[in-house]
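# Remarks on the overall topology
Here is how the chains run, residue by residue.
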Amino acid sequence: MIIEIAQITVKPGTEKEFTDAHVAASEGFETTEGVLSVRLTQGVETPTNFVLLVEWTDLAAHERYRETEQYAQWRKAISPYPAGPAAVQHTHVVA
């Protein structure tokens, strides 16, 4: 299992719009091949900071998803809100 961690900072005042866009554009994402779970979290102290956590069966599944129309639509839907590029890393459980 691979865990994708995407740290996304949005423009101040767009937190709700970003969340709504993510929810609408990722409808059905949990049924995408290779997806085990999806969570979007929001910072308490800094509400413009979000972390998207996606558990994938393997890295190849995530790479395949990035080539889909569903991913392109998600990116387009959230594109007005980030303050800059997301910081993305992939991790695996070691203990």
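Whatever comes next refers back to the structure up there.
First, a word on scope: everything that follows refers to the structure included in this document. Please read all numbers here as calculations on a predicted model, not as lab measurements.

Take the sheet that holds strand S2 (residues 35–42) next. Pairing is antiparallel across the open sheet formed by four strands, whose spatial order is S2-S3-S1-S4. The sheet terminates laterally at S2 and strand S4 (87–91), the two strands that pair on one side only. Ignoring which end each strand starts from, the neighbouring axes of this sheet average 15° apart. Note: S2 against strand S3 (residues 49–56), seven bridges, orientation antiparallel. Counterpart to Leu40 in the pairing with S3 is Leu52.

Moving on: the nonpolar core. Core analysis: the largest hydrophobic core is formed by 19 residues, its most contacted members being Val10, Phe18, Phe29, Val54, Trp56, Tyr65 and Trp74. Every element with two or more residues in this core is listed here: strand S1 (2–9), helix H1 (15–25), S3, helix H2 (59–65) and helix H3 (69–78). Sort the elements by how many residues they give to this core and S3 lands first, with four residues. Ignoring anything within four residues of it in the chain, the contact list for Phe18 reads Ile8, Val10, Leu40, Phe50, Ile78 and Tyr81.

Attention now goes to the packing of aromatic side chains. Overall, the coordinates contain six aromatic pairs when judged by the stated rule. Summarising the aromatic geometry, the rings of Phe29 and Trp56 are spaced 5.8 Å apart at their centres and angled 80° between planes, so their arrangement reads as edge-to-face. Of this pair, Phe29 sits in the loop between H1 and S2 while Trp56 is found in strand S3, placing the two residues 27 residues apart along the sequence. Trp56 sits in the buried class, given a relative accessible area of 0%. Clustering of aromatic rings is evident, with ring pairs tying together Phe29, Trp56, Tyr65, Tyr71 and Trp74.

Our next topic: a nonpolar patch on the surface. Residues Met1, Leu36 and Val93 make up a contiguous nonpolar surface patch of roughly 290 Å² in combined accessible area. Examined against the element boundaries, Val93 turns out to sit in the segment after S4. Take Val93: its relative accessible area is 52%, and that puts it in the exposed class.

It is worth spelling out the environment of Ala61 at this point. With respect to the element layout, Ala61 can be found in helix H2. A residue is classified by how much of its surface remains accessible, and Ala61, at 2% relative accessible area, is buried. With 36 residues separating them along the chain, Ala61 and Ala25 place their C-alpha atoms 19 Å apart.

Each value, and the rule that gives it
Residues numbered from 1 in each chain as written. Predicted model: local features only at pLDDT ≥ 70, side-chain atom pairs only at ≥ 80, totals over all residues. Heavy atoms only, no water. Pairing = 2+ DSSP bridges. Helix = DSSP H or I, 4+ residues; strand = E, 2+ residues; numbered from the N terminus. Axes fitted to C-alpha atoms, helices over the stretch in contact; angles between N-to-C directions. Core = buried A, V, L, I, M, F, W, Y, C linked by side-chain atoms within 4.5 Å. Buried < 20%, exposed > 50% of the residue type's maximum accessible area, 1.4 Å probe, protein only. Contact = heavy atoms within 4.5 Å. Phe/Tyr/Trp six-rings, centres within 6.5 Å; stacked < 30°, edge-to-face > 60°. Patch = residues over 30% accessible without salt bridge, like charges linked within 9 Å, V, L, I, M, F, W, Y side chains within 5 Å. Areas by Shrake-Rupley, 256 points an atom, 1.4 Å probe, with all protein chains shown as cover. Salt bridge = Lys/Arg side-chain N within 4 Å of Asp/Glu carboxyl O.

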